Amino acid sequence: MSIIRFIKNWTLPISMAIGMTTYSVFAFIPPLDGAATFFAPIMDTILPLFMFLILFVTFCKVDFRRLIPVKWHFWVGVFQVVFVLLIMVVILGCKLRGNALILMEALLTCIIGPCAAAAAVVTQKLGGNLEEMTTYTFLSNFITALLIPICFPLIEHSEHITFLSAFLKILNEVCIVLVVPMFMAYIVKHHFHRFHRWVIGIKDLSYYLWGCSLMIVTGTTLKNIVHAETTTSFLVLIGLLGLVLCITQFAAGRMIGHRFDATVNAGQALGQKNTAFAIWIAYTYLNPIASVGPGCYILWQNIINSVEIWLYRRKGLERSA
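Residues numbered from 1 in each chain as written. Predicted model: local features only at pLDDT ≥ 70, side-chain atom pairs only at ≥ 80, totals over all residues. Heavy atoms only, no water.

Participant: Give me the overall build of the chain: which residues, what numbers.
Facilitator: Tallying secondary structure elements over the chain gives 14 helices and 0 strands in all. Out of the 321 residues belonging to the chain, those deemed buried represent 47%. A separation of at least 24 residues holds for 83% of the contacts in the chain among residues at least 6 apart in sequence. When the accessible surface of the chain is totalled, it reaches about 15800 Å², and 71% of it is carbon and sulfur. (Helix = DSSP H or I, 4+ residues; strand = E, 2+ residues; numbered from the N terminus. Buried < 20%, exposed > 50% of the residue type's maximum accessible area, 1.4 Å probe, protein only. Contact = heavy atoms within 4.5 Å. Areas by Shrake-Rupley, 256 points an atom, 1.4 Å probe, with all protein chains shown as cover.)

Participant: Describe the pattern of salt bridges, and please don't skip the residues or the numbers.
Facilitator: Under the defined criterion, the tally for this structure stands at 1 salt bridge. Here Arg254 and Glu308 are joined by a salt bridge, their closest N and O atoms 3.1 Å apart. Pair noted here: Arg254 is in helix α11 (residues 232–258) and Glu308 is in helix α14 (residues 292–320), with a separation of 54 residues, a long-range link. Classification of Arg254 by relative accessible area gives partly exposed; the value is 33%. A relative accessible area of 15% means that Glu308 is categorised as buried. (Salt bridge = Lys/Arg side-chain N within 4 Å of Asp/Glu carboxyl O.)

Participant: Which residues make up the packing of helix α4 (residues 71–93) against helix α5 (residues 98–112), and what are the values?
Facilitator: Relative to each other, α4 and α5 sit at 170°, their axes nearing to 10 Å. Compared by their axis directions, α4 and α5 come out roughly antiparallel. When α4 is examined against α5, the residues Gln80, Phe83, Val84, Ile87, Met88, Val90 and Ile91 are found in contact with a partner set consisting of Leu101, Met104, Leu108, Ile111 and Ile112. Across the contact of α4 with α5, the residue classes tally to 11 nonpolar, 1 polar and no charged. (Axes fitted to C-alpha atoms, helices over the stretch in contact; angles between N-to-C directions. Parallel < 35°, antiparallel > 145°, perpendicular 65-115°, else oblique. Nonpolar A, V, L, I, M, F, W, Y, C, P; charged D, E, K, R; others polar.)

Participant: Describe empty space enclosed by the protein, with residues and values.
Facilitator: Here the structure, examined in full by the defined rule, presents 2 cavities of 30 Å³ or more. Of the voids in this model, the second largest cavity is the one considered here, and its volume is about 40 Å³. In this structure, the second largest cavity is lined by Leu126, Phe250, Arg254, Val264, Gly267, Gln268 and Glu308. Mapped by element, the contributors of at least two residues to the lining of the second largest cavity are α11 and α12 (263–271). Of the residues forming the lining of the second largest cavity, the biggest block, 3 residues, is contributed by α12. Broken down by class, the residue content of the lining of the second largest cavity amounts to 3 nonpolar, 2 polar and 2 charged. (1 Å grid on protein atoms, 1.4 Å probe; cavity = no way out; pocket = protein on both sides within 12 Å on 5 of 7 lines; lining within 4 Å. Points joined across faces, edges and corners; volume = space filled by probe spheres on them.)

Participant: Outline the layout of surface pockets, supporting the account with residue identities and numerical values.
Facilitator: Considered as a void within the structure, the largest pocket measures approximately 840 Å³ in volume. Considering the residues around the largest pocket, the lining is formed by 32 residues, among which Leu47, Pro48, Val217, Ala276 and Phe277 are closest to the centre. Among the secondary structure elements, those contributing two or more residues to the lining of the largest pocket are α3 (33–59), α8 (163–191), α10 (205–226), α13 (275–285) and α14. Ranked by residue count, the leading element in the lining of the largest pocket is α10, at 8 residues. For the lining of the largest pocket, the residue count by class is 20 nonpolar, 8 polar and 4 charged.

Participant: Can you explain the environment of Trp10? Please cite residues and give values.
Facilitator: Among the structural elements, Trp10 can be located in the loop between α1 (2–9) and α2 (11–28). Taking the C-alpha atoms as reference, Trp10 lies 8.3 Å from Val307; in sequence the two are 297 residues apart. Beyond its immediate stretch of four places on either side in the chain, Trp10 contacts Ser306, Val307 and Trp310.

Participant: Which residues make up the nonpolar core, and what values do they have?
Facilitator: Of all hydrophobic cores here, the largest spans 44 residues; its most connected members are Phe56, Trp72, Val76, Met133, Tyr136 and Trp210. When residues of this core are assigned to their parent elements, the largest contribution, 7 residues, is made by α3. Non-local contacts of Tyr136, meaning those with residues more than four positions away in its chain, are made with Trp72, His73, Val76, Gly77, Gln80, Cys115 and Ala269. Ranked by size, the runner-up nonpolar core spans 39 residues in total, among them Met88, Ile91, Phe250 and Ala282. (Core = buried A, V, L, I, M, F, W, Y, C linked by side-chain atoms within 4.5 Å.)

Participant: Quick one: what's the story with the UniProt feature "transmembrane region" (unreviewed entry) in the chain, residue by residue and with numbers?
Facilitator: Listed under "transmembrane region" (unreviewed entry) in the UniProt record, and renumbered for this structure, are residues 12–32, 38–60, 72–93, 99–122, 134–155, 161–187, 207–226 and 232–252. The span residues 134–155 is 100% helical and 0% strand by assignment, and the distance between its end C-alpha atoms comes to 31 Å. In residues 232–252, helix accounts for 100% and strand for 0%; the two terminal C-alpha atoms are 30 Å from one another. (UniProt positions renumbered as here; feature names shortened; annotations may be inferred.)

Participant: So what about the confidence of the model for the chain? Which residues, and what values?
Facilitator: Within the chain, residue pLDDT values average 81, and 89% of them lie at 70 or more. Element-level pLDDT for the chain is lowest in α1, with a mean of 68, against a maximum mean of 93 in α4. (pLDDT = per-residue confidence, 0-100.)

Participant: Describe the state of the cysteines, and please don't skip the residues or the numbers.
Facilitator: Going through the model one piece at a time under the given rule, you end up with 0 disulfides. Its sulfur unpaired, Cys296 is 8.4 Å from the next cysteine sulfur, which belongs to Cys110. (Disulfide = S-S within 2.5 Å.)

Participant: Can you explain α5? Please cite residues and give values.
Facilitator: In a regular helix each residue adds 1.5 Å, so 15 residues correspond to 21 Å; α5 covers 21 Å between its end C-alpha atoms and thus fits that length. Summarising burial for α5: 12 of the 15 residues are buried, a large majority. Taken residue by residue, α5 has Leu101, Ile102, Leu103, Met104, Glu105, Ala106, Leu107, Leu108, Thr109, Cys110, Ile111 and Ile112 as its buried positions. (Expected span 1.5 Å × (residues − 1).)

What follows is the structure, encoded as structure tokens:
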């Protein structure tokens, strides 16, 4: 029984450990090279499916009539925009090049990235407001969709990036990730009542689906680090600054939320990022090594999430004792 409780309390770090171990086995044992090549595209296909299912299950529990903006949404969004502008001032004002530019790009992707759709899962487990969190997830994605086409061309000066093409491409990603599962959840909730009761009746289903997806993302992150064409010390520097940034964003979000009695919600909204999306935009528009930043960020944010969930459960046990 204690083993089951341990797995429930530390699902996220266990998932990350399994992901890293699985990648290491396939990457560093030569006879398994062929298997790694075979499974790579399968994993790339499965991950979006997991994200879709996570959101679908989460949205099945949402009261759609309560999806309205609240005050803390505005201030968390303002903080994200200001933080992005500060990084842009450093990059453009100092005319950074080489590793200094890559480092700032890595941090920028961790800031400009939208709130993770799975943040609603953690928020719910911490006793937060699911509807407020879901609403901000949409708002955050639109903020990101506006910021990326403006900021990234100024950094890389790439001719193939235009505001319209980048804006539409990102909006397409937002639609696939958010709108489609939400629409299907709405249909199921209002027209397929038996199936809806079955979905919401499985306790913590979205949480454990997220744990499965985290295994895949963590393995991919380790692959990016192993194949990064730079020094180990520079990768360590990116990882450590990612940790500082992660703590800063969670703390800032909780401070903002404390003023509006939404500490958990605002902390998750600003601190937990859609790192899979951030890795994608780094590869697409910036130096690929910059993707190590959000790759490390996912480890830090899920360690913080695990600690928060453990503390919340311990307080619950103390209150019930």
